[in-house]
Every structure is written in C-alpha cells, then in structure tokens.
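Architecture at a glance
The residues making up each chain are set out below.
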Amino acid sequence: MSASILNDLTLCVGCGTCVQACREANGLPKAPPDAPLSGTHFSRLTVVDGLGVRQQCMHCVDPACASVCPVGALKKSPAGPVTYDPDACIGCRYCMVACPFDVPRYTWSSQAPRVAKCTMCSERMAKGATQPACTAACPTGATEFGERDALLAKAHLRIKEHPDRYVDHVYGETEAGGTQILYLSPVSFEALGFRTKLQHSAYPELTWYALSKLPTVVSAAGVGLVGLWWIIHRRDKLAQEASHV
C-alpha cells in the first residue's frame, strides 16, 4: 500500500484537532495550531482566506531528503512515509537544504540535537493503528487516509463532479515528482502560499546529476567524515555502556 493523505480544504473548519492529535501522538509540547513547523511541532494549521490549510512533511514519492542523507537516517518506506532514524543521524542537515518544501527542522535547543518532522505516524502504524493520528481525529473528513491511487481517483472525481467548487488541480500529484500528501482547494494554491514553482520531476534526479560531477576526492572526503563520526559515536557508546557495568 502506498499510504497517502488527501486534504480537502473545502471540508476543513479550522478546528485544529488534527494538530492536537499529532502533538499527543508524538508526545510534543503544547503549542497553538498555527505555530511554525519546528523540532517540536510536526503539523501546522493556518487559516488563509477563510480556509484551513494544514502543513506537514509532504512525504515525496522520491524524496530529496533521503537521497542526500549520507547515513540513511531518512528513508522512503515501502508503505509510503519517509521515516527517520535519530540514532543514525549525524546532524549534517543536508536534508534541510534538499527539501523542496522546507520541512525538516533541527532541534537546536535539545540536549541531543536531531532532525524532526512528521513520519505519517509510521511507528503508530507499526503497532497496529489503522491510520495516522491526524486523519483519525478529523471530525469532518477534511483530511483522509488511504492508498495514493485511490485518493487521487477520488480527488479527480470530486473535481469532475463539482467543477465550480474546486480548482482543476490536485496539489501533490506531480509536484516534486509527486507526494504522498495531496490537496484539493477551491482557490488557487499560489494564493494560499503553496510552493507552485516546483519542478514536476523528482528532485533526486538533480542530486545524482550533481554528484556525478563531483571529483572523487570530494566523495572520499565525505566518506572519511562519516567514518570519523562513526568511530567517535561508537567510542562514546562503549564508554556509556562501560559506565553502567
């Protein structure tokens, strides 16, 4: 299953229940629904022109963040979400630069800094949940969980049946090569602040093209840095284990 979420902005009442559910499911501190995305705020709801607009990780079909991560801390799971392993992360923050949606955030204030973002409740789902906390909590069906192809078909059917209600575009169908998070809107996405000047092919294609032009010495230096981090990380871990003996 290619898990996806369809956000129909015509159905959103701006209650913020989805944001609250996200916060509770991830054990995040309290914050207003429209607080900017951060290391402790994975979902955001703002009201623009009377429409509730939710922002979160777009979970790209072919994610740029995962393609630039040198240690595989960010991965595209077969189920659809882009997952994150904080134990593998070396804090290089390449993912923050690569993301076309400006989503990953770095927890600078934390004693153990790491990147943080929505993972579409992948851990919750692994424990038996049938859908992410945000979609389960939505009281109006404005945010809906399902298989990507099925949600795309549903979105296009709504546009066909109600052309006066929606703009003729499903945001996320092709942006950045396609995303797991999809949107329907009654007004232009540009007017709502969405990034509308993105390429329609996957960004990792640019990544690999750029990397192919780099001298071998640069690649070797990168490998050396990763190796050095591993040695230091391993030494610290062994020291911690020894202190508990």
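Not measured: the values here are computed from a predicted model.

Calculation rules
- Residues numbered from 1 in each chain as written.
- Predicted model: local features only at pLDDT ≥ 70, side-chain atom pairs only at ≥ 80, totals over all residues.
- Heavy atoms only, no water.
- Salt bridge = Lys/Arg side-chain N within 4 Å of Asp/Glu carboxyl O.
- Buried < 20%, exposed > 50% of the residue type's maximum accessible area, 1.4 Å probe, protein only.
- Helix = DSSP H or I, 4+ residues; strand = E, 2+ residues; numbered from the N terminus.
- Polar contact = N/O pair within 3.5 Å; in protein donor to acceptor, adjacent residues only side chain to side chain.
- Contact = heavy atoms within 4.5 Å.
- Pairing = 2+ DSSP bridges.
- Axes fitted to C-alpha atoms, helices over the stretch in contact; angles between N-to-C directions.

A word on the pattern of salt bridges
Taken as a whole, this structure holds 5 salt bridges when the rule is applied. The salt bridge partner of D102 is R105, with a shortest N-O separation of 3.8 Å. Note on D102: relative accessible area 36%, which makes it partly exposed. Salt-bridge contacts for E144 lead to R158; the nearest nitrogen and oxygen are separated by 3.5 Å. A residue pair is termed long-range when its members are at least 10 positions apart, and E144 in strand β8 (residues 143–147) and R158 in helix α6 (residues 148–161) qualify at 14 residues.

Section: the side chain of D8
Along the chain, the position of D8 falls in strand β1 (residues 3–8). Residue classification places D8 among the buried positions, given a relative accessible area of 1%. At 2.6 Å, the side chain of D8 and the side chain of T10 are in polar contact. Discounting chain neighbours no more than four positions away, the residues touching D8 are A142, R158, Y166 and L184.

A look at the sheet that holds β1
As summarised here, the arrangement of the 3 strands in space is β8-β1-β9, forming an open sheet in which the pairing is mixed. On the outer flanks of this sheet lie β8 and β9 (181–184), each paired with one strand and no other. Ignoring which end each strand starts from, the neighbouring axes of this sheet average 25° apart. Relative to β9, β1 is paired through 4 bridges, and the arrangement is parallel. Counterpart to I5 in the pairing with β9 is I181. Most of the contacts of α6 go to β8, to which it runs at about 130°, and overall it touches β1, β8 and β9.

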